[in-house]
Amino acid sequence: MALKLRVMQPISVESIIQALRGYNAQADAQPITEAYDFSAKAHAGQKRESGEPFLQHPLQTARIIVELKLDVPSIVAGLLHDTMEDSEVSRAEIEQRFGPDVAHLVDGVTKIGKIEFRTHEEKQAENFRKMLLSMSEDIRVILIKLADRLHNMRTLHYLPEDKQKRIAQETLDIYAPLANRLGIGWMRTELEDLCLCYLKPEVHNNLVKKVAQRQEMREKYIQEFSKIVQKNLAEYGFTGHVVGRSKHLFGIYQKMERQGIPFEEVYDLAAVRIITDTKMNCYAILGMAHSLWRPVPGRFKDYIGVPKSNGYQSLHTTVVGPQGHHVEIQIRTEEMHRVAEEGIAAHWKYKEKGQIDQKTDRVFGWLRQLVEWQHDLADNRQFMDSVKMDLFPDVIYVFTPRGDVKELAKGSCPIDFAYSVHTEVGNRCTGAKVNGKLVPLRYHLQSGDSVEITTSPNQTPTKDWLKWVRTARAKAKIKHWIKTEERIRSLDMGKKLLDRALHRHNLSPTEAFKPEHLTALSKEFGIATPDDLLIAIGYGRITTEQVIRHLQPAAALKEGLADKFIRKIGIHPAGVKIKGLGDLLVHLSKCCNPVPGDRIIGFVTRGRGLSVHTVDCPNIDELDYDKDRIVEVHWDTKDTTAYSVKISVLTVDRQGMLALVSAAITAAKANISHADITTTEDKKAVLNFVVEIVNVGQLEKVLKSIRTVDGVVQAKRVRQG
């Protein structure tokens, strides 16, 4: 495995200073030398998992910071970033030796990941909240953290396999998209390829071999293609040079997964970049390229006219080159290329000390929005889901009636647009005109649309909106509104239900509703406040009979309620343990078909008991607007019930494939209860099965067994019921 076996060569502080001189000849290197000596003393005797001196980690981190072309305080902070966490060094000591600017950076990086939380998800979410706030105050904090993560990923193979997978998944979910959002393309590419190596080692190894087999032929092709382009640039009098490049492994893997095709059908592995002098020449060279080779329809993107949110500008097109091979061409100016390679560092000004200037603030407005709406999401899982959605910039660009450009997620509707204008415009949105025509609120906007919103003071958000919106901001604002309204209604309902129950048992509502009595009762149920107790009654999480039992145990026993509610943890026929609730009707959700081994949550429904979902259920967005209705549930590990799971297998269309795949399923000791087959126009076959399995581990064995069959392109679980 080329990436996994990468050997990191030891580096010296002198090489870091030399690299710094390459972009900032006047920089004072004395603080860097002092920081190196300080770090060496602090980490004396410490070793990494690889066995090398720990000091190599801050050195390698500082070297990556230099590659980002950051200032001296950032490099110094990179050398010191682990001293506060892994040794006896205090912030005061760093501030005294290196000044408040460096102390602030080291402290910011140290705080990310320092606090221990009950669950990994909670820790990840809280760390990312702190990271966002640190970024908004000083962007250098996250750049140093990214450098730290990149070096840790480069040396991940020294850690145990479970840690490798956990760190790689977190990197793929958060750090690689963040590098992309900050415009640091080379870092994102390396992080993604490293993640693929640890999360999908078989896929990675297979791609490495196949890419290597075609490497010589591809390089020769790109070289010949580049010569043709360079010759035509000279003939037409354009200034510019051509650089050939290959697609990174994760990009190839994504395309194979997205289109359901084998490696052999990924045609545009070849790519070239044309760097010229002016924006006008970019468009002229595009015309030249299209006159030489036929463009592939739907593959042209103008990121110069409408730049990406991270400031990226370039023209992208794919043409059918010599011998019928698809070639991706990117055309940009030198300045655009610098921004594309360096990202936010291209906007860097040393005097600003990490502050984002006005121009850059417009480019990275998404960061301000993340910081703003993260306050609306108290639930950590909601927050992380929203962050991940906002970090993947698959976007469209639409216009306000004044001609201002709004960037929205692909698939956004007018409600998303309304919330991008203002929260109140979103909350009061009643209709929309797109390009002068009335459209429904669920209408999918397209790049270039001009959108006008109509509002009414009587309009409020509804749960249906959560099915239509795509942007993190809109989802957060709608959930916040619904949660607030639901709590108000449930508080009122809880009061009414408890009042009726008290009258029924000849208890005094006036006495029971006294603040001191409700506070004591709340503590008995382990609930924070009296209002939260009443809300839980209104939701149905706590029954009035349970409350009566606490208020009047004898009456509850007389009516036989004690047996009904004595359990604090119940095991139900669905093989699920429920924490904190008694008898509830429990059912496994059909929308995601959870099976033992899946991470699950329970959701208290109105009138239908407890619905159990996987944490990545496609309908979670409609359920998780209020954490008070979320219940902690776990699988009963002793349960041996067989569960039905749907799987879909894409294969080449040839005789005997159904029998071969069926045999692979049987070999994994799973029973097939249903099977059907359909064929596609491109000579593929889709085999759909319902198999009986006892847990996720057995399901993984089934899928792995299927993937070994020659002719299978893809095998996956189908979540949707």
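Not measured: the values here are computed from a predicted model.

*Asks:* Where do I start with the pattern of salt bridges in this structure?
*Replies:* Opposite charge on two side chains permits them to pair, given that their charged atoms come into close proximity. As enumerated under the stated definition, the model contains 15 salt bridges in all. Here Lys 467 makes a salt bridge to Asp 464, at a shortest N to O gap of 3.5 Å. Owing to a relative accessible area of 44%, Lys 467 belongs among the partly exposed residues under this scheme. Judged by relative accessible area, which is 39%, Asp 464 ranks as partly exposed. The network of salt bridges with common partners includes Asp 71, Asp 101 and Arg 140.

*Asks:* I would appreciate a short explanation of the sheet that holds strand β11 (residues 451–455) in the present structure.
*Replies:* The strands making up a sheet are joined through hydrogen bonds of the backbone, oriented either antiparallel or parallel. Spatial strand order, β10-β9-β11: three strands in an open sheet with antiparallel pairing. The strands lining the two open edges of the sheet, one partner per strand, are β10 (437–439) and β11. Sheet twist, expressed as the mean angle between neighbouring strand axes with direction ignored, is 35°. Seen against the sheet, helix α19 (residues 414–421) touches β9 (429–434), β10 and β11 and runs at an angle of roughly 80° to β11.

*Asks:* Teacher, can you tell me more about a positive patch on the surface here?
*Replies:* On the surface, Arg 258, Lys 301, Lys 308 and Lys 410 cluster together into a positively charged patch. Residue placement: Arg 258 occurs in helix α13 (residues 249–259).

*Asks:* Would you mind showing me how to read the packing of helix α1 (residues 13–21) against helix α3 (residues 56–67) here?
*Replies:* When two helices pack together, their arrangement is captured by the angle between the axes and the distance separating the axes. Relative to each other, α1 and α3 sit at 10°, their axes nearing to 10 Å. Between α1 and α3, the angle is such that the two are roughly parallel. Here Val 13, Ile 16, Ala 19 and Leu 20 of α1 come into contact with α3, specifically with Leu 59, Ala 62, Arg 63 and Val 66. When its residues are assigned to classes, the contact of α1 with α3 shows seven nonpolar, no polar and one charged.

*Asks:* Please clarify how the packing of aromatic side chains should be interpreted in this entry.
*Replies:* To describe a pair of aromatic rings, one takes the distance between the centres and the angle between the planes. Scanning all chains against the criterion turns up six aromatic pairs. Residues Phe 250 and Tyr 253 carry aromatic rings whose centres are separated by 6.0 Å and whose planes lie at 50° to one another, so their mutual orientation is tilted. Of this pair, Phe 250 and Tyr 253 both sit in helix α13, three residues apart, roughly one helical turn. When its relative accessible area of 14% is taken as the criterion, Tyr 253 is described as buried. Ring geometry for Trp 635 against Tyr 643: centres 5.9 Å apart, planes inclined by 80°, an arrangement best described as edge-to-face. The burial state of Trp 635 is the same as that of Tyr 643; both residues are buried.

Cut-offs used in this document
Residues numbered from 1 in each chain as written. Predicted model: local features only at pLDDT ≥ 70, side-chain atom pairs only at ≥ 80, totals over all residues. Heavy atoms only, no water. Salt bridge = Lys/Arg side-chain N within 4 Å of Asp/Glu carboxyl O. Buried < 20%, exposed > 50% of the residue type's maximum accessible area, 1.4 Å probe, protein only. Pairing = 2+ DSSP bridges. Helix = DSSP H or I, 4+ residues; strand = E, 2+ residues; numbered from the N terminus. Axes fitted to C-alpha atoms, helices over the stretch in contact; angles between N-to-C directions. Contact = heavy atoms within 4.5 Å. Patch = residues over 30% accessible without salt bridge, like charges linked within 9 Å, V, L, I, M, F, W, Y side chains within 5 Å. Areas by Shrake-Rupley, 256 points an atom, 1.4 Å probe, with all protein chains shown as cover. Lys, Arg positive; Asp, Glu negative; His and termini not counted. Charge placed at Lys NZ, Arg CZ, Asp CG, Glu CD. Parallel < 35°, antiparallel > 145°, perpendicular 65-115°, else oblique. Nonpolar A, V, L, I, M, F, W, Y, C, P; charged D, E, K, R; others polar. Phe/Tyr/Trp six-rings, centres within 6.5 Å; stacked < 30°, edge-to-face > 60°.

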